[in-house]
Amino acid sequence: MSWWHEPLVGFDLETTGTDPDTSRIVTAALVDTKGGEPVHTTTWLVDPGVPIPPEAAAIHGISTERAAAEGRPAPGAVGEIAELLCRRLETGVPVVAFNAPFDLSLLDAELRRHGLPSLEERLGGRPVGPVLDPLVVDRSVDRYRRGSRSLQSVCGVYGVELADAHEAGSDALAAVRVAVRLAERYPRQVGEPHPADLHTQQVGWYAAWAEDFQAWLRREKDPRAVVDGRWPLRRP
């Protein structure tokens, strides 16, 4: 049976900012699914230990005061998120994350910040994977489509309902369902390869996109622009 009929786990973070090296986790979700339907959802509300900027709170709805009053201390929550995520990977369940380098790199940075084992250390030294990133796949199979590639926009393209954008559980489930729609619409490129092979392909797709985007930025906006081509995890 094809991978998209089998268990997948959606992963999403809502955070204090947009830089994975310095931002902190505010909410997180792991959504276990089968055939694109939710089986179990685990969520976290985290006290990041720093003020949540108003512009971030306006997106995900969590204020500094609420996080401090209701959230779990970051070290314990971050360790648990990583433990449960790696537990899925150890059993061969692919992780689906929209724009994976942001979420996985930020989680890994949080682990380092709190002196906790990294994702790779938790996996016995092997690379993090298999990861399925609907953003990377969509950009590759429908390269010339114009318009936004945000999760909300991509959901519209593939007929996936996003009931509560920027709520971690909702975003994680939507990412899984977009991955399933991609597999259905592009069986040869997406649906038929084994998740490990699709993971390897995405490494190349992301690197090629980053190279093209960097060239465009240097030509049109900033001659010194740099776009990191590492996927699905990057470190400083």
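Residues numbered from 1 in each chain as written. Predicted model: local features only at pLDDT ≥ 70, side-chain atom pairs only at ≥ 80, totals over all residues. Heavy atoms only, no water.

Caption draft 1: Local environment of the overall build of the chain. Regarding its fold elements, the chain presents ten helices and six strands. A compact globule built from 236 residues would reach a C-alpha radius of gyration of about 18 Å, and the chain, at 17 Å, matches this within 12%. Considered along the principal axes of its C-alpha atoms, the chain spans approximately 50 × 45 × 35 Å. Relative to its full complement of 236 residues, the chain shows a buried share of 51%. Put simply, 65% of the contacts in the chain that link residues at least 6 apart link residues at least 24 apart. Summed over its atoms, the accessible surface of the chain is roughly 11,200 Å², and 51% of this surface lies on carbon and sulfur atoms. Positive and negative charge centroids in the chain, built from 26 and 34 side chains respectively, lie 5 Å apart. (Helix = DSSP H or I, 4+ residues; strand = E, 2+ residues; numbered from the N terminus. Rg over C-alpha atoms; globule rule 2.2 N^0.38 Å. Buried < 20%, exposed > 50% of the residue type's maximum accessible area, 1.4 Å probe, protein only. Contact = heavy atoms within 4.5 Å. Areas by Shrake-Rupley, 256 points an atom, 1.4 Å probe, with all protein chains shown as cover. Lys, Arg positive; Asp, Glu negative; His and termini not counted. Charge placed at Lys NZ, Arg CZ, Asp CG, Glu CD.)

Caption draft 2: Here's a closer look at the layout of surface pockets. By volume, the largest pocket amounts to about 630 Å³. What lines the largest pocket is a set of 24 residues, and nearest its centre among them are Leu13, Glu14, Phe102, His166 and Asp171. Elements represented by at least two residues in the lining of the largest pocket include exactly strand E1 (7-15), helix H1 (54-60), helix H4 (100-113) and helix H7 (151-158). Quantified by volume, the second largest pocket comes out at close to 520 Å³. Arg139, Arg143, Trp209, Asp212 and Phe213 are the residues nearest the centre of the second largest pocket, which is lined by 16 residues in total. (1 Å grid on protein atoms, 1.4 Å probe; cavity = no way out; pocket = protein on both sides within 12 Å on 5 of 7 lines; lining within 4 Å. Points joined across faces, edges and corners; volume = space filled by probe spheres on them.)

Caption draft 3: Seen up close, the sheet that holds strand E4 (residues 72-73). As summarised here, the arrangement of the six strands in space is E4-E3-E2-E1-E5-E6, forming an open sheet in which the pairing is mixed. Each edge of the sheet is formed by a strand with only one pairing partner; in this case those strands are E4 and strand E6 (131-132). Relative to E6, strand E5 (residues 95-96) is paired through two bridges, and the arrangement is parallel. In the strand pairing of E6, valine 95 is matched with valine 131. Against the sheet, helix H8 (residues 168-185) makes contact with E1, strand E2 (25-34), strand E3 (37-47) and E5, and its axis sits at roughly 135° relative to E1, the strand it touches most. (Pairing = 2+ DSSP bridges. Axes fitted to C-alpha atoms, helices over the stretch in contact; angles between N-to-C directions.)

Caption draft 4: A look at the packing of helix H6 (residues 134-141) against helix H10 (residues 195-220). It is at 10 Å that the axes of H6 and H10 come closest, and there the two elements cross at 70°. By the angle between their directions, the pair H6 and H10 is classed as roughly perpendicular. Judged by the twist between their axes, the crossing of H6 over H10 is left-handed. Along its contact with H6, which presents Val136, Val137, Arg139 and Ser140, the element H10 presents Gln202, Trp205, Tyr206 and Trp209. A breakdown of the residues in the contact of H6 with H10 according to their chemical character gives five nonpolar, two polar and one charged. (Parallel < 35°, antiparallel > 145°, perpendicular 65-115°, else oblique. Left-handed = near helix turned anticlockwise from the far one by under 90°. Nonpolar A, V, L, I, M, F, W, Y, C, P; charged D, E, K, R; others polar.)

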